[in-house]
Amino acid sequence: MKKIAFFCIPAHGHTNPMLPVAEELVKNGNQVRFYSFKEFQQKIEATGAVFVSCSDYLTELTKEEQEGLKTVSTTEMTIQDIRITLRMNSFLEEEFRSFQPDIVFTDSVCFWGKLNAWKHQVPLVVSTSTFAFNQLSSQYMKHSPKEMADMIFGLPRISKELKTLAPYGYQVKSALKLVQSDNQTDSIVYTSKRFQPYAESFSDHYAFVGPSVFSKALPDKKKARPLVYISMGTVINDKPDYYQKCIQALKDEPVDVIISCGHTLNPASLNPLPTNVQIFPSVDQLDVLSKADVFITHCGMNSVSESLYMATPMVLFPQTGEQKAVAQRAVEINAGVLLTDDSVNGIRTAVMKVLNNAAFRKAAQECSDDFRACSGPAGAAAFIASAPHVSNGVDIIKELNQAKGIFQMLFWLFVGVITLLISFLVSWKYVWIIVLAARIISSPIGKALQKRKYASLVKKYQNPA
């Protein structure tokens, strides 16, 4: 049996999928130490894992830092992860010496887990709480101008913080190395290959195990009236105006409504409520979704996965780039509609569209069947316990990058020849126009060729001669 160290950031959406996996590993006789934070202690100990508190290494944040985390600032989250890693250095040095784990299982954005696995040369398995993102699947990410500015202008701050890691034996060249998916790292992804964008581009180091949940319940939609469930997750959920619009949109409709508003907002602030609306700080989400007919969601990966696991179609209202990627995929399989108008009338129209169209229910049911056919927590536990893994050698991303390099070389060689011909035969003053035009068209041409090459590689490896 193995000694396995679990690491996660203090976030419900990242911690919750790891819990059934921990329970499965413990049940199989493995020794699991789960390095987490006090608010998750009870849940972790219920799995049979040993809870190890890291709460003392969280420091009080400035008002600016708190606001950055509330708005899911990539820069602020990255900087705080680096600083927590440094504060935990001595503690984890001793933990790795005394516990001597055989395997580290860490959340994909938990830097102290990844960095210490590399530093102490312990086999690493990554827990991916959203889609696996590489150069293909990351095209699903639609960042707002504010998010883009945060990432671009935050790079100097992140680079400065990364330099503080080197004296402690942590060797990392960029933050991208800490968060990106690559085809050499063993990874658990809590979705199916069918739902994962560009699933074929990921190597055998990836296990797509489906949603990691404790519930064995089946969907049960039989009731007198349709049920609409509303939740904005556990991070960006302080939205009283939005909840009020949802209430106004549905108060006169023949539906029942349950709202989970989180612990930041006082439910009483939304009183008086119509007779068909109930509001709670939190609910047993899987239980509610098993009965719900529509889910108005912020599109966190856990929430969307649980909704589809329970065959519930959705009204999709993403707030971040990552959530927009999840929403786009749900729309592609016809399991929901995107909420583009969050007015009272817009919300009502979207909900009734989903309720009155059987195609959405059919798509959600098909996805539920697909998810339930995956290996689940048992498959994840088996994959972790048998790490490290060896791939079959197929790396579509590597082949795409090689093809991209050849295209770029030939394309700019062609542009160079054309530029020289025009400059000698016509005039040098047109050179800048040619170069500018080439730069503009190179990207769409490259993407189109990449798409064709990807399709041919998938066909090649799925149907070998």
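Preceding this paragraph is the structure being described.
Residues numbered from 1 in each chain as written. Predicted model: local features only at pLDDT ≥ 70, side-chain atom pairs only at ≥ 80, totals over all residues. Heavy atoms only, no water.

Turning our attention to the environment of Met141. The topology assignment puts Met141 in the loop between β5 (124–128) and α8 (145–162). Along the sequence, Met141 and Gln328 sit 187 residues apart, while their C-alpha atoms lie 9.1 Å from each other. Not counting residues within four places of it along the chain, the set of residues in contact with Met141 comprises Phe133, Gly321, Glu322 and Ala325. (Helix = DSSP H or I, 4+ residues; strand = E, 2+ residues; numbered from the N terminus. Contact = heavy atoms within 4.5 Å.)

What follows is about unusual backbone geometry. Asn271 connects to Pro272 through a cis peptide bond whose omega is 0°. With respect to the helices and strands, the residue Pro272 is situated in the loop between β9 (256–260) and β10 (277–280). In this model, Ala387 is joined to Pro388 through a cis peptide bond whose omega is 0°. Along the polypeptide, Pro388 turns up in the loop between α16 (376–385) and α17 (396–425). In the Ramachandran plot, Asn334 falls in the positive-phi region, its phi being about 70° despite a non-glycine side chain. Relative to the elements of secondary structure, Asn334 occurs in the loop between α13 (321–332) and β13 (336–338).

Before going further, it helps to examine the packing of aromatic side chains. Within the structure shown, the criterion is met by 20 aromatic pairs. Ring geometry for Phe131 and Phe133: centres 6.3 Å apart, planes at 85°, overall edge-to-face. Judged on exposure class, the residue Phe131 and its partner Phe133 are both buried. Ring centres 6.3 Å apart and planes at 20° place the aromatic pair Tyr206 and Phe208 in the stacked group. Overall, Phe208 belongs to the buried group, its relative accessible area being 12%. Taken together, Phe7, Tyr35, Tyr57, Phe91 and Phe96 form an aromatic cluster joined through their ring pairs. Taking NZ or CZ as reference, Lys3 lies 5.7 Å from the ring centre of Phe99, over its face. Across the ring face of Trp118, the terminal group of Lys177 is positioned such that the distance to the ring centre comes to 5.6 Å. (Phe/Tyr/Trp six-rings, centres within 6.5 Å; stacked < 30°, edge-to-face > 60°. Buried < 20%, exposed > 50% of the residue type's maximum accessible area, 1.4 Å probe, protein only. Lys NZ or Arg CZ within 6 Å of the ring centre and 35° of its normal.)

What follows covers the pairing of strand β6 (residues 186–189). Side-chain alternation along β6 places Asp186 and Ile188 on one buried face and Ser187 and Val189 on a second face that is also buried. In this structure, β5 lies alongside β6, joined through four bridges in parallel fashion. In the sheet register, Ser127 faces β6, and the bridge partner there is Ile188. In this structure, β6 lies alongside strand β7 (residues 206–208), joined through three bridges in parallel fashion. If you follow Ser187 over to β7, its bridge partner there is Tyr206. (Pairing = 2+ DSSP bridges.)

Every α-helical turn comprises 3.6 residues, leaving residues that sit three or four positions apart pointing alike. With seven of its ten residues buried, helix α2 (residues 18–27) lies for the most part within the structure. Here α2 has its buried residues at Met18, Leu19, Pro20, Val21, Ala22, Glu24 and Leu25.

Moving on: the pairing of strand β1 (residues 3–7). For a regular strand, the rule is simple: side chains alternate between the two faces of the sheet. Across the five residues of β1, four count as buried, placing the element largely inside the fold. As defined by bridge partners, β1 adjoins strand β4 (residues 103–107) across four bridges and the pair is classed as parallel. Its bridge partner being in β4, Phe6 is matched across the sheet by Phe105.

This part covers the sheet that holds strand β8 (residues 227–231). In any sheet, the strands associate via hydrogen bonds between backbone groups, in a parallel or an antiparallel arrangement. With parallel pairing, six strands are arranged side by side in an open sheet as β10-β9-β8-β11-β12-β13. Here the strands that pair on one side only, and so sit at the sheet edges, are β10 and β13. Pairs of neighbouring strands in the sheet enclose a mean axial angle of 15°, with direction left out of account. Bridge count between β8 and β9: five bridges; the pairing is parallel. Its bridge partner being in β9, Ser231 is matched across the sheet by Ser260. (Axes fitted to C-alpha atoms, helices over the stretch in contact; angles between N-to-C directions.)

For the rest of this paragraph, the subject is the sheet that holds β7. Read across the sheet, seven strands follow the order β3-β2-β1-β4-β5-β6-β7 without closing on themselves; strand pairing throughout is parallel. If you trace the sheet from one side to the other, it starts and ends with β3 (50–53) and β7, each paired once. Mean inter-strand twist for the sheet, computed between neighbouring axes without regard to direction, equals 20°. By the bridge criterion, four bridges tie β4 to β5 in an arrangement that is parallel. Each residue of the ladder has a partner; that of Thr106, found in β5, is Val126. Here α16 sits on the sheet and contacts β1, β4, β5, β6 and β7; the angle it forms with β6, its principal contact strand, is near 170°.

Quick look at the environment of Arg87 now. Among the secondary structure elements, Arg87 is positioned in helix α5 (residues 74–87). Since its relative accessible area comes to 29%, Arg87 is described here as partly exposed. C-alpha separation for the pair Arg87 and Leu58, spaced 29 residues apart in sequence, amounts to 8.5 Å. Arg87 has contacts with Tyr57, Leu58 and Thr59, leaving out every residue within four places of it along the chain.

Moving on to the pattern of salt bridges. On inspection of all chains with the given rule, the structure shows 15 salt bridges. In this structure, Glu95 and Arg33 form a salt bridge, with 3.0 Å as the shortest nitrogen-oxygen distance. In this pair, Glu95 sits in helix α6 (residues 89–99) while Arg33 sits in strand β2 (residues 31–36), placing the two residues 62 residues apart along the sequence. Between Lys119 and Glu93 there is a salt bridge; the shortest N-O distance is 2.6 Å. Of this pair, Lys119 sits in helix α7 (residues 111–119) while Glu93 sits in helix α6, placing them 26 residues apart in sequence. (Salt bridge = Lys/Arg side-chain N within 4 Å of Asp/Glu carboxyl O.)

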